[in-house]
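# Chain and residue survey
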Amino acid sequence: MAFIFSRAACSSPRSLWLCRRSISTTSKFSHSAIHGSSAIAPARTRFAPSPTGYLHLGSLRTALFNYLLAKRTGGQFLLRIEDTDKKRTVEGAEEGIFDTLRWAGLQWDEGPLAGGEFGPYRQSERTELHKKHVDILLREGHAYRCYCTPQRLEALALTRKHSGQSTDYDRRCLNSPPTTSTTEPHVVRLKAPVQYPPYHDLVYGTITPGARSHDHSIGAYEDPILLKSDGMPTYHLANVVDDHLMNITHVVRATEWMPSTPKHVHLYNCFGWTPPKFVHVGLLQDTQGRKLSKRTGDVFVSEFREKGYLPEALNNFVALMGWSHAGESDVLDMRGLVERFSIDGLTTGNTKVEFGKLDFLQKQYARNRVTEGPGGKEILDAVESQVRKKFGEKYTPYPQKPQLSPFTRTNGAVA
Ligand code: GLU
């Protein structure tokens, strides 16, 4: 319990430092052993994007935190493509994800192209597994088949809305038989409990979802859909089944997914499985406190890449959003990040993104590449391509070799 209260106060780097001290003096366990980030047990983490477009800075950060936790603990980092919503799937987005992750140096240990013993790693190729698990829920009374037409559901929602009530489902199909011999279109719904169970988040402490008893008293039930009428699973079902079957130990994701977690924990309980550890990280915001979006500038990794930002600068930049460490310098390349990474350093709350820091880091890494490695030519090419883009015709290429004037003799005498 003391641990939960301590975490709640740990929202700034300073309070975090104080918390670290107070925990280490009050607990006989080491802090890292409590959180498990630098503990001996290797973590199996996953990045689970939906192929709906370009990777956002926030997604890069999620992937990076998952990668760092796996590498820090000697575990595995998985890539799973969550492509069960065909309407939202964008052609070429999957390749874009692979390309961006590779550019950022976040090579996955298991996943599409890499393989692994827990595959397939595309959810659309796992539907038989998902259906098999839905059958278990149906058999054990945790889910039911719903034959209501979209028209009926719309009419129900409209009537309820007019009378100021919750538009949730009325459970007309609650008692439909678990097995079906008809091909009549239907979905499978989860029988949602009055109250979802509390769960422990390694960053946010104990989360207790609110009761929905009021809605139940007027005959309105959330009962989320698990299997759609096209036979495809929804996010909740596929995410839980796959995390379990892939032996994921830590789910690191943005807080926008927190409202889903109680449903997931309930599903784990229904299956009789132990849930993974949940690690939610706050959202990225612009300086006005709004969700970081195209409205305020670049947000896609590809845009930063096109502008010539180096992967080590961008990784370092996103790693510092919502994570702090006790080291002296914030300039941390991948090796430094892996060495320092710990769940203890993740902070609660959203992060306002200040791009000035990215330029500072870019300068550091550009300098490193020029002075320490064979990357000087690459940097020169990147600068050249930016200048060419900006000045077009007016740009004169920098000479590769010193040019001699036609009027100059090698002995220096003018002809
Ligand atoms: N498919 C979800 C996404 O696009 C995954 C969320 C999760 O990590 O559970 O981000």
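What counts and how
- Residues numbered from 1 in each chain as written.
- Predicted model: local features only at pLDDT ≥ 70, side-chain atom pairs only at ≥ 80, totals over all residues.
- Heavy atoms only, no water.
- Pairing = 2+ DSSP bridges.
- Helix = DSSP H or I, 4+ residues; strand = E, 2+ residues; numbered from the N terminus.
- Axes fitted to C-alpha atoms, helices over the stretch in contact; angles between N-to-C directions.
- Contact = heavy atoms within 4.5 Å.
- Near = heavy atom within 4 Å.
- Polar contact = N/O pair within 3.5 Å; in protein donor to acceptor, adjacent residues only side chain to side chain.
- Areas by Shrake-Rupley, 256 points an atom, 1.4 Å probe, with all protein chains shown as cover.
- Nonpolar A, V, L, I, M, F, W, Y, C, P; charged D, E, K, R; others polar.
- Expected span 1.5 Å × (residues − 1).
- Buried < 20%, exposed > 50% of the residue type's maximum accessible area, 1.4 Å probe, protein only.
- Phe/Tyr/Trp six-rings, centres within 6.5 Å; stacked < 30°, edge-to-face > 60°.
- Salt bridge = Lys/Arg side-chain N within 4 Å of Asp/Glu carboxyl O.

## Some details on the sheet that holds strand E4 (residues 187-190)
One key point about sheets: their strands pair by backbone hydrogen bonds, in either a parallel or an antiparallel sense. Read from one edge of the open sheet, three strands run E3-E4-E7, paired in antiparallel fashion. Of all strands in the sheet, those bounded by a partner on one side alone are strand E3 (143-146) and strand E7 (225-227). Going across the sheet, the axis of each strand differs from the next one's by a mean of 40°, ignoring polarity. Of the strand pairs in this sheet, E4 and E7 are connected by two bridges, and their pairing is antiparallel. Residue Arg-189 lies in a different strand from E7, and its bridge partner there is Ile-225. Helix H6 (residues 127-139) rests against E3, E4 and E7 of the sheet, and its axis sits at about 105° to E3.

## Quick word on the site of the ligand
Within the structure, the ligand sits among Arg-46, Ala-48, Ser-50, Glu-82, Tyr-235, Asn-239, Arg-253 and Trp-257. Taking Arg-46, its side chain carries an N or O atom lying 2.7 Å from an oxygen atom of the ligand. Within the complex, the protein chains bury 84% of what would otherwise be the 300 Å² of accessible surface of the ligand. Residue composition of the shell around the ligand, by class: three nonpolar, two polar and three charged.

## Section: helix H15 (residues 376-391)
Counted at 1.5 Å a residue, the expected span for H15 with its 16 residues is 22 Å, and the 22 Å between its end C-alpha atoms agrees. One or two positions beyond H15, positive phi appears at Gly-392, with a value near 45°.

## Here's the deal with helix H5 (residues 93-103)
Within the span of H5, buried status applies to Ala-93, Glu-94, Ile-97, Phe-98, Thr-100, Leu-101 and Trp-103. Of the surrounding secondary structure, the elements contacted by the buried residues of H5 are strand E1 (44-47), helix H4 (57-72), strand E2 (76-79), helix H11 (301-306) and helix H12 (311-319). Just downstream of H5 lies Gly-105, where phi reads positive at about 80°.

## Here we look at the packing of aromatic side chains
Summed over the entire model, instances satisfying the criterion amount to 12 aromatic pairs. Seen in terms of ring centroids, Tyr-199 and Phe-278 are 5.7 Å apart; in terms of plane orientation they differ by 70°. Their pairing is edge-to-face. With Tyr-199 in strand E5 (residues 199-201) and Phe-278 in strand E9 (residues 277-281), this residue pair connects regions lying 79 residues apart in the sequence. One exposure class covers both Tyr-199 and Phe-278, and it is buried. On the basis of an interplanar angle of 40° and a centroid distance of 5.7 Å, the ring pair of Phe-317 and Phe-355 is categorised as tilted.

## Quick word on the pattern of salt bridges
One pass over the full model with this rule turns up 23 salt bridges. The salt bridge partner of Lys-294 is Glu-303, with a shortest N-O separation of 2.5 Å. Owing to a relative accessible area of 18%, Glu-303 belongs among the buried residues under this scheme. Between Arg-335 and Glu-339 there is a salt bridge, and its shortest N-O distance comes to 3.8 Å. Placement of the pair is Arg-335 and Glu-339 together in helix H13 (residues 334-340), with a separation of four residues, close to one helical turn. In this pair, the class of Arg-335 matches that of Glu-339, namely exposed. A single salt-bridge network, built from bridges that share partners, covers Arg-46, Arg-80, Glu-82 and Asp-243.

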